[in-house]
Amino acid sequence: MLMIAGVIVSVILFGIGLLGMIFRRDLIIKLLSLGLVNGSVMLCLVSLGSRANGIAPIIRGPENAGYVNPLPQALVLSAIVINFAILALALVFVMLLVEHYHSTDSQRIEHEIKREREL
Amino acid sequence: MRHRRIGLIIYATILVCCFCGLVIVFFSYQEPARELGTIYLSRAPSETGAANIVSAIYLNYRLYDTLFEILIFSVAVLGVRFYLSDYREKEIVEKIPESQIVRTSADLFFPPIFLIGIYLTLSGHLSPGGGFSGGVVAGTALLLCAVALGANTVGKRFYEPTLRWLEWGVLLVVLSLPLLPIVVDRLPFTELLPPGTMGKVISGGSIPIYNLLIGIKVFIGTWVIIHYFMRHRGEI
Amino acid sequence: MTIIVLLPLLHFVFAVLCLSWQRGTRGIIVAALLIDTILLGVLFAVLDQAGSISITLGGWGRNVGIELVADRTSLVFGFLTLFLEGSILLYLWREHLQPYFFMLLHLLLGAVFAVLFAQDLFNIYVIMELLTLVSFLLVGYGKRPYQIWASLKYLFLASLGMGIYLLGVAVVYYHAGTMNLGLIATQLTEQQDTTWVLLASSLLVTGIAVKAGIFVFSLWLPAAHASASPAVSALLSGLVIKMGVVVLLKLAAIFPLSGSLLVLGSLTGILGIIYAITTYELKYMLAFCTLSQIGYLLIGIGTGSKVALSGTLCYAFAHGLFKGLLFLAAGSAIQATGKKDIRELIMERSNISLITRAALLIGTLGIIGLPPFAGFCGKALLNAGTQSYVTQIVLALLSFGTVVSFARLIPLFRFEGGGYLPRTKSLSFLILALPIVLFFPLTHLFVPAWQWQTSLNISLFIKNLVVIGMGILLARPIANHFPHLEKRFFRLEEAAVVILSGFFLVFLLLLFA
């Protein structure tokens with residue numbers, strides 16, 4: 001049950017992130033939506049390994065308690081670092097663009113670049 | 001123009017809702033295949049000697065993925081350094097008036113946070129933690145200092161070439177450690193150190209070594225990113 | 001056995017060495033080239049005896065550790081990487097580049113080798129993310145605003161695609177319990193209730209298609225490949241795009257993708273050609289052509305017969321060579337004259353050196369499929385590999401479209417006058433041009449003899465010549481009377497919406513085909 005709820009919430013967050021990326025013009029908000037999209041996929045992965053009354057997979061004694069599945073958590077660790085790297089570099093590029101065009105509006109930047117290309 | 005815009009809004013909203021609905025409906029919530037998790041849970045303590053099974057997975061069984069992840073992190077740090085390095089520093093910087101509270105608490109909290117970072121790095125095989133989280137915590141301690149004292153003041157305490165040598169040296173060691181078993185005539189990526197008894201500080205094969213190396217690398221990388229961002233955009 | 005692991009890891013070690021030892025970067029890349037040649041030679045000898053070799057890292061077993069497999073596909077693309085590496089090295093010999101650039105180059109090559117051997121879904125995710133980041137940084141190396149915007153668009157769309165791919169990996173892991181491709185195949189044959197395969201394969205294919213250069217998904221491609229510097233464009237268009245196709249090849253061996261790949265391939269081929277005919281900027285035309293040539297490869301994978309798969313490998317190799325050559329030559333032509341438009345280049349052709357124009361000629365002859373150059377062998381094998389008439393008509397149509405779009409370059413090829421070109425750049429063109437010209441004997445190494453005899457006969461020869469002739473004759477009228485096309489789809493928001501629509505397209509294709 002927890003798993004199904006986790007999957008549904010993560011897909012809804014994915015949709016919200018997608019809508020944010022498509023409709024908001026501000027580049028920083030597009031970045032945040034990209035982070036939300038990646039985060040929702042990580043949530044989906046972790047919730048797939050969960051089980052009812054599960055505890056963290058750190059072995060404290062010889063008894064076989066209900067540990068959750070450790071593999072998705074290892075995958076999500078890598079995905080978090082990758083997400084961080086993408087957001088950092090995208091932020092640097094957004095900063096460079098804002099220095100040049102003095103606006104964070106994506107449509108305005110596209111318009112200016114098209115104008116410079118035709119000149 | 002407005003017709004096109006409204007059309008795009010309606011079309012995209014319908015598309016995203018259909019996408020979410022499709023994924024939720026077609027997921028087919030039958031009984032999952034649980035064997036993979038239980039295989040790791042039963043094999044890992046005796047084969048690797050680590051109590052933290054997640055660490056055992058990403059630093060022992062699936063070390064290849066972690067290598068690429070470290071490379072991605074290094075590329076991010078490299079990219080930030082390359083693109084923000086030739087901007088002249090903002091001379092006229094509006095500093096927020098440093099309140100005495102921030103300075104005193106920075107003095108008070110920096111050592112414990114740094115120690116927590118070191119503890120997380122070194123005990124990654126016994127409890128939740130590991131190189132990545134420990135390095136980030138230690139880097140955040142430096143961020144606290146940079147907020148209180150100023151990024152340039154903190155940056156002057158580090159000797160830049162040493163930082164670079166350490167960073168690239170650690171990366172070189174992390175990349176060549178898995179290739180070391182070739183010299184001893186075994187397959188690459190095999191464990192050379194014994195697993196030891198689970199639960200002791202010195203156990204887990206070469207997992208603590210990898211944790212330490214990754215911790216150093218992430219700490220230096222986090223500090224570099226924070227430093228270059230603060231230098232370029234001015235103080236917070 | 002350990003070669004499979006050594007090839008990527010050594011490149012990464014060289015990358016780190018480049019940055020620490022800044023005066024020896026050119027020596028390091030020459031050493032890397034030599035070591036690559038030796039290792040690939042040994043791999044070729046080993047694969048000649050055994051069909052494919054595999055290694056599980058750490059010796060843990062397939063279900064617990066990560067497995068790497070080397071087979072004929074990886075060998076073919078390995079040799080392509082070798083040729084492109086050598087030619088780019090010579091092209092960039094005299095330029096002033098920071099060691100950071102060479103480090104990114106080594107990381108790119110190491111990641112390309114790693115994809116060729118990968119057999120694990122999450123491993124492919126991590127390596128493709130490394131490829132995305134490194135190529136994004138390489139495109140934005142020049143720090144000009146249009147390059148930065150093109151690479152930012154690339155990063156957004158590629159991350160979105162990889163997010164969708166990771167969602168697919170989550171679905172596969174939940175139902176199959178493993179991420180190893182071989183073990184998933186066994187699970188698919190054993191399980192009774194396989195309704196999840198539909199969602200999983202459509203998510204995975206959509207994710208990879210964003211990076212593989214399929215038209216509906218890769219709308220970032222024209223801007224990114226046209227804004228980058230020439231050597232980077234050659235690498236991206238010739239090599240990195242093929243990695244997406246390699247992953248699709250690995251996925252097509254397990255999931256039932258053949259019908260949908262056929263339709264997607266035809267769609268991308270035709271749409272790419274339509275956009276290429278109406279563009280007059282040289283680099284944009286080459287980028288649209290790349291989008292359309294990927295259609296050939298997808299049709300080959302979708303057909304699935306052995307001859308068609310050989311044709312795909314053959315054509316991928318040939319396409320990497322001549323697209324690399326075309327981008328390098330176009331780059332030096334644009335640098336010599338300072339103009340980007342084809343018509344202006346034709347007017348100022350006396351400034352472009354003779355060798356650059358000869359390189360453009362060889363590249364054009366290769367891409368239009370003139371026998372016996374490189375493109376012809378691949379196209380002939382693809383034609384012979386399929387029995388249905390519809391596929392053959394689509395292939396002929398794509399050939400015709402390519403000839404029409406490249407026939408506008410013909411006035412460039414009058415060999416008189418010419419500017420100056422440094423000797424290293426001429427050598428770099430030579431490295432890529434020689435295999436294109438001598439392709440006929442080279443393919444004997446990759447293609448078994450019986451496929452050779454069944455596919456290359458006189459009728460295909462004549463069919464190709466007829467298509468080329470018709471294309472050249474009808475080029476001018478078609479280009480003048482073509483309708484004006486929507487360029488709005490290449491902006492960021494519309495591109496994301498088109499990717500989502502593409503997901504539904506793939507889903508419906510997998511449902512009904």
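Rules used in this analysis
Residues numbered from 1 in each chain as written. Chains lettered and ligands numbered in written order. Predicted model: local features only at pLDDT ≥ 70, side-chain atom pairs only at ≥ 80, totals over all residues. Helix = DSSP H or I, 4+ residues; strand = E, 2+ residues; numbered from the N terminus. Rg over C-alpha atoms; globule rule 2.2 N^0.38 Å. Buried ≥ 20, exposed ≤ 12 C-beta atoms within 10 Å, placed from the backbone. Contact = placed C-beta atoms within 7 Å. Nonpolar A, V, L, I, M, F, W, Y, C, P; charged D, E, K, R; others polar. Axes fitted to C-alpha atoms, helices over the stretch in contact; angles between N-to-C directions. Parallel < 35°, antiparallel > 145°, perpendicular 65-115°, else oblique. Left-handed = near helix turned anticlockwise from the far one by under 90°. Core = buried A, V, L, I, M, F, W, Y, C linked by C-beta atoms within 7 Å. Expected span 1.5 Å × (residues − 1). pLDDT = per-residue confidence, 0-100.

**Remarks on the overall build of chain B**
Part 1 of the argument: A count of helical and extended segments in chain B gives nine helices and zero strands.
Part 2 of the argument: Each helix (α) and strand (β) of chain B, taken in turn from the N terminus, gives the series α-α-α-α-α-α-α-α-α.
Part 3 of the argument: Relative to the globule expectation of 18 Å for 236 residues, the C-alpha radius of gyration of chain B, 23 Å, shows a markedly less compact shape.
Part 4 of the argument: Residue burial in chain B is summarised as follows: out of 236 residues, 42% are buried.
Part 5 of the argument: Across chain B, every contact between residues at least 6 apart in sequence was considered, and the portion connecting residues at least 24 apart equals 71%.

**A look at the overall build of chain C**
Part 1 of the argument: Secondary structure assignment for chain C yields 22 helices and two strands.
Part 2 of the argument: Taking 2.2 N^0.38 as the reference for a compact globule, 513 residues should give roughly 24 Å; the C-alpha atoms of chain C span a radius of gyration of 22 Å, in line with that estimate.
Part 3 of the argument: Oriented by its inertia axes, the alpha-carbon framework of chain C measures out at about 70 × 55 × 50 Å.
Part 4 of the argument: Out of the 513 residues belonging to chain C, those deemed buried represent 60%.
Part 5 of the argument: Partitioning the contacts of chain C with sequence separation of at least 6, the portion at a separation of at least 24 is 81%.

**Details of the interface of chain C and chain B**
Part 1 of the argument: Listed by partner, the interface residues are 44 residues for chain C and 39 residues for chain B.
Part 2 of the argument: Those elements giving two or more residues to the side of chain C that touches chain B turn out to be helix 1 (3-20), helix 4 (99-117), helix 5 (121-139), helix 6 (145-176), helix 8 (196-212) and helix 22 (492-512) of chain C.
Part 3 of the argument: The leading source of residues in the side of chain C that touches chain B is helix 5 of chain C, at nine residues.
Part 4 of the argument: Here the residues of the side of chain C that touches chain B sort into 30 nonpolar, 12 polar and two charged.

**Quick notes on the interface of chain A and chain C**
Reports often express the size of an interface as the amount of accessible area lost when the parts come together.
Part 1 of the argument: Facing the 28 residues of chain A at the interface are 26 residues of chain C.
Part 2 of the argument: Put simply, the parts of the chain that give the side of chain A that touches chain C at least two residues each are helix 1 (2-23), helix 2 (27-48), helix 3 (71-101) and helix 4 (106-118) of chain A.
Part 3 of the argument: Of the residues forming the side of chain A that touches chain C, the biggest block, 12 residues, is contributed by helix 3 of chain A.
Part 4 of the argument: Looking at the side of chain A that touches chain C residue by residue, the classes come out as 20 nonpolar, four polar and four charged.

**Looking at unusual backbone geometry**
Residue and element names in this part refer to chain A.
Part 1 of the argument: A positive phi is found at His102, a non-glycine position, where the angle reads about 60°.
Part 2 of the argument: Within the secondary structure, His102 sits in the loop between helix 3 and helix 4.
Part 3 of the argument: A residue is classified by how many C-beta atoms lie within 10 Å of it, and His102, with 8 of them, is exposed.

**Observations concerning the packing of helix 1 of chain A against helix 2 of chain A**
All names here are of chain A.
Part 1 of the argument: With their axes 8 Å apart at the nearest point, helix 1 and helix 2 run at an angle of 165° to one another. Considering their axes alone, helix 1 and helix 2 lie roughly antiparallel with respect to each other. Note that helix 1 runs across helix 2; the crossing there is left-handed. Contacts between helix 1 and helix 2 involve Leu2, Met3, Gly6, Val7, Ser10, Leu13, Phe14, Ile16, Gly17, Leu18, Gly20 and Met21 on the former and, on the latter, Ile29, Lys30, Ser33, Leu34, Leu36, Val37, Ser40, Val41, Leu43, Cys44, Ser47 and Leu48.
Part 2 of the argument: Considering only residue class, the contact of helix 1 with helix 2 consists of 16 nonpolar, seven polar and one charged.

**Re the nonpolar core**
Part 1 of the argument: Grouped together as the largest cluster of nonpolar side chains are 303 residues, with contacts concentrated most on Ile72 of chain B together with Leu108, Val115, Ile127, Val134 and Leu325 of chain C.
Part 2 of the argument: Sorting elements by how many residues they give to this core places helix 6 of chain C first, with 22 residues.
Part 3 of the argument: Not counting the four nearest positions on each side in its chain, Leu108 of chain C is found in contact with Leu131, Val134, Ser135, Leu138 and Leu235 of chain C.

**Regarding helix 1 of chain C**
Part 1 of the argument: With 18 residues, helix 1 of chain C extends 25 Å between its outermost C-alpha atoms, agreeing within 8% with the 26 Å of an ideal straight helix rising 1.5 Å per residue.
Part 2 of the argument: Of all 18 residues in helix 1 of chain C, 14 are buried; the element is thus mostly enclosed.

**Observations concerning the environment of Gly37 of chain B**
Part 1 of the argument: Looking at the element boundaries, Gly37 of chain B is found in helix 2 (residues 35-48).
Part 2 of the argument: Note on Gly37 of chain B: 21 C-beta atoms within 10 Å, which makes it buried.
Part 3 of the argument: In contact with Gly37 of chain B, not counting residues within four places along its chain, are Gly49, Asn69, Pro70 and Leu71 of chain A.

**Looking at the confidence of the model for chain B**
Part 1 of the argument: For chain B, the average pLDDT comes to 84, and 91% of its residues sit at 70 or higher.
Part 2 of the argument: Averaged over each element, pLDDT in chain B is lowest for helix 2 of chain B (80) and highest for helix 4 (residues 63-84) of chain B (93).

**Some remarks on the confidence of the model for chain C**
Residues and elements named next belong to chain C.
Part 1 of the argument: Here chain C shows a mean pLDDT of 86. Residues at 70 or above account for 96%.
Part 2 of the argument: The least confident element of chain C, judged by mean pLDDT, is helix 20 (residues 449-455) at 65; the most confident is helix 5 at 94.
Part 3 of the argument: Overall fold confidence for the complex sits at a pTM of 0.94, while the interface term, ipTM, reaches 0.95.

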